[in-house]
There are 2 protein chains.
Amino acid sequence: MSLLVTGSIGIDTVETPFGTRPDVIGGSAVYFSHAASFFTPVRLVGVVGEDCPKNLLDAFKGRSINTAGLEIRKGSKTFRWHGSYLKDMNEAVTVEVDLNVLAERAAKIPQEFLDSQYVFLANTHPALQLETLGKLPKVKLSVADTMNLWIQTERQHLEKLLTKIDGLVLNDGEARLLTGQKNLIVAAREVLKMGPKFVVIKKGEHGCLLVSKNDTFVLPAYPADKVVDPTGAGDSFAGGMMGYLVTQGSLTSATLKRALAFGTVVASFTISDFSLAGLSFATREQIDQRWEQFKSAMSF
Amino acid sequence: MSLLVTGSIGIDTVETPFGTRPDVIGGSAVYFSHAASFFTPVRLVGVVGEDCPKNLLDAFKGRSINTAGLEIRKGSKTFRWHGSYLKDMNEAVTVEVDLNVLAERAAKIPQEFLDSQYVFLANTHPALQLETLGKLPKVKLSVADTMNLWIQTERQHLEKLLTKIDGLVLNDGEARLLTGQKNLIVAAREVLKMGPKFVVIKKGEHGCLLVSKNDTFVLPAYPADKVVDPTGAGDSFAGGMMGYLVTQGSLTSATLKRALAFGTVVASFTISDFSLAGLSFATREQIDQRWEQFKSAMSF
């Protein structure tokens, strides 16, 4: 059961108290696809420019990630982001961002991906998310991420998207902005009224919260004593969560909760090193081991 | 098995988005003793001034709280605190504080309390905490709280205290201030090196963290959709935790974890209403019910 993801693929420059890494691999779809590929085959849809370094494409090799939907667009430039965590490891300050190819038309979905039943719409313009979803007639489970920019500037498109998806993943600040509610449980319930069956609020180092019609549950983050680079933690969380959900094929309380815990654990590998290094060297066995340990630590 | 607590007893004025309550009952020892009394008999040691309103003393009636150590000091004034949560429900801004009687000598420990085996030294000057502890020769389990002020101004006394106690409870900002470490797990490990067997870091709405030689575990806060007044949440947490620990008489991983969960649940009653109202109307049955629900929500 393949999981289609569309989102950004980019070149990041990241500053953290542990150092600076210029021109490393980044982007929401990159972290998501790596994280989800531990669980289920991933179909990647995204676009880069012709300046894209060769090792960006190498990063997908040897993984269960089908890159048939990765378009290298001539005459365009790859998305670039420069962020700093020097002030606060829980929130990046954007030093510079060049949308480049992301400001153009969306990537084309290959014919062979059109039968996808599971889809994750990583953060991008909600009109593009709607467009992508509209092209996939067989979708059984669709989950989207979003960001402050779209909540503020593209609310109509976002509200339409919310009536079409099963789940929304967003961070605490975004949930408050979207609903005007400070209390996150109240905010999540407001989001449910807008359409989705479940809402996951990511709180960075403080864990996550899931609210659905029947469930409200919270999980702390995995207790990490060394956070080197938080970039991609949220996308890795979503990838681990969705990857596991696809293998289960249901949205029961139990599968949702386990999926959140897998997301939590996968993200803990991401933040342990710069860029994709933490996730690249992880194995499914290590993930399962850490999941069992987390599960046992959470039971009392 | 009685649990002795010494700390502040005061009159609070509290402003939250839900309203303002002038001259309500407050103080660390008040919240702590109420919370702990659901589990085990409590011996209260504290001092108020002669201006103390009669209903402050009424608040202890009908509970398993021995007030033989509550001194009403003639010629002195009761401790007063005026705080505001209008800006941030997770952190009070102190509008005004009058130490009054707290700036004088400590309360006298009654003869009948001198055999206490379990003691909680709620936040006060570490020299006074040391003095109290020194007067209790039969202590088997001692846990203390502290605050920024003492970390900054009375570090020597505090460091001496840390070599004499079994556990330290403090909040995230205080743990960072005490150790100079940003990562809370690293900070907690640094505190362990200073003496205590276990450290509990309270993170307010983000839950808590326990680190001991053998254990590291985190718990989220109880998911509350209505927080009316966070005053006393940390002291109620400590009271629930200590009250349960006393009934168990051991510091195994299992008892510590369950104790944290009881603290979490008891605090969730405190924050549901102003001052002591949330805790006053709770029953042990409701606490146990919510604990079971929290336990089940945490298992996956």
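Fair warning: this is a prediction, and the values are worked out from it, not measured in the lab. (Residues numbered from 1 in each chain as written. Chains lettered and ligands numbered in written order. Predicted model: local features only at pLDDT ≥ 70, side-chain atom pairs only at ≥ 80, totals over all residues. Heavy atoms only, no water.)

Participant: So what's going on with the interface of chain B and chain A? Residues and values would help.
Facilitator: On the side of chain A, 32 residues touch chain B, which itself brings 32 residues to the contact. The contact between chain B and chain A buries some 2500 Å² in all, and 60% of this surface belongs to carbon and sulfur atoms. The closest approach of N and O atoms between D225 of chain B and R189 of chain A, which form a salt bridge, is 2.8 Å. Summed over the shared surface of chain B and chain A, the result is 14 residue pairs in polar contact (both at pLDDT 80 or more). Those elements giving two or more residues to the side of chain B that touches chain A turn out to be α7 (184–193), β13 (216–219), α9 (253–270) and α11 (284–298) of chain B. A per-element tally of the side of chain B that touches chain A places α11 of chain B first, with six residues. Its residues assigned to classes, the side of chain B that touches chain A comprises 16 nonpolar, five polar and eleven charged. (Contact = heavy atoms within 4.5 Å. Buried area = accessible area lost by both parts, 1.4 Å probe. Salt bridge = Lys/Arg side-chain N within 4 Å of Asp/Glu carboxyl O. Polar contact = N/O pair within 3.5 Å; in protein donor to acceptor, adjacent residues only side chain to side chain. Helix = DSSP H or I, 4+ residues; strand = E, 2+ residues; numbered from the N terminus. Nonpolar A, V, L, I, M, F, W, Y, C, P; charged D, E, K, R; others polar.)

Participant: Please give an account of the nonpolar core that cites residues and values.
Facilitator: Counting residues in each nonpolar core, the largest one holds 184 residues, and the members touching the most others are M241 of chain A together with M241 of chain B. Among all residues touching M241 of chain A, those that are not within four sequence positions of it are V143, V169, F198, V200, A259, L260 and G263 of chain A. (Core = buried A, V, L, I, M, F, W, Y, C linked by side-chain atoms within 4.5 Å. Buried < 20%, exposed > 50% of the residue type's maximum accessible area, 1.4 Å probe, protein only.)

Participant: Tell me about the sheet that holds strand β9 (residues 141–145) of chain A, and please be specific about residues and values.
Facilitator: Residues and elements named next belong to chain A. One open sheet holds the nine strands; their spatial order is β5-β4-β1-β8-β9-β10-β11-β12-β13, and the pairing between them is mixed. Looking at which strands have only one partner, the edges of the open sheet turn out to be β5 (65–73) and β13 (216–219). Strand after strand, the sheet turns through a mean of 15° between neighbouring axes, direction not considered. Summarising the sheet, strand β1 (residues 3–6) and strand β8 (residues 118–121) pair through four bridges and their orientation is parallel. Within β8, the position partnered with L4 by the bridge is V119. (Pairing = 2+ DSSP bridges. Axes fitted to C-alpha atoms, helices over the stretch in contact; angles between N-to-C directions.)

Participant: Report on the relation of the copies chain B and chain A, specifying residues and quantitative values.
Facilitator: Between chain B and chain A, the superposition needs a rotation of 180° and an axial shift of 0.0 Å, giving an RMSD of 0.0 Å. Taken together, the turn and the small shift mark the pair as related by a two-fold rotation axis. When you check the interface residues of chain B against chain A, 100% turn up at the interface there too, and the contact is symmetric in its surfaces. (Least-squares fit on C-alpha atoms with pLDDT ≥ 70 in both.)

Participant: Could you give me a rundown of the packing of aromatic side chains, with the residues and numbers involved?
Facilitator: Residues and elements named next belong to chain B. Under the definition given, this model contains 14 aromatic pairs over all chains. Judged by centre distance (5.2 Å) and plane angle (75°), the ring pair of F39 and F262 falls under edge-to-face. Here F39 is found in the loop between α1 (28–36) and β4 (42–49), whereas its partner F262 is found in helix α9, with 223 residues between them in sequence. The exposure classification of F39 matches that of F262, with both residues buried. Here the aromatic rings of Y222 and F294 are separated by 6.0 Å at their centres, their planes lie at 50°, and the arrangement is tilted. (Phe/Tyr/Trp six-rings, centres within 6.5 Å; stacked < 30°, edge-to-face > 60°.)

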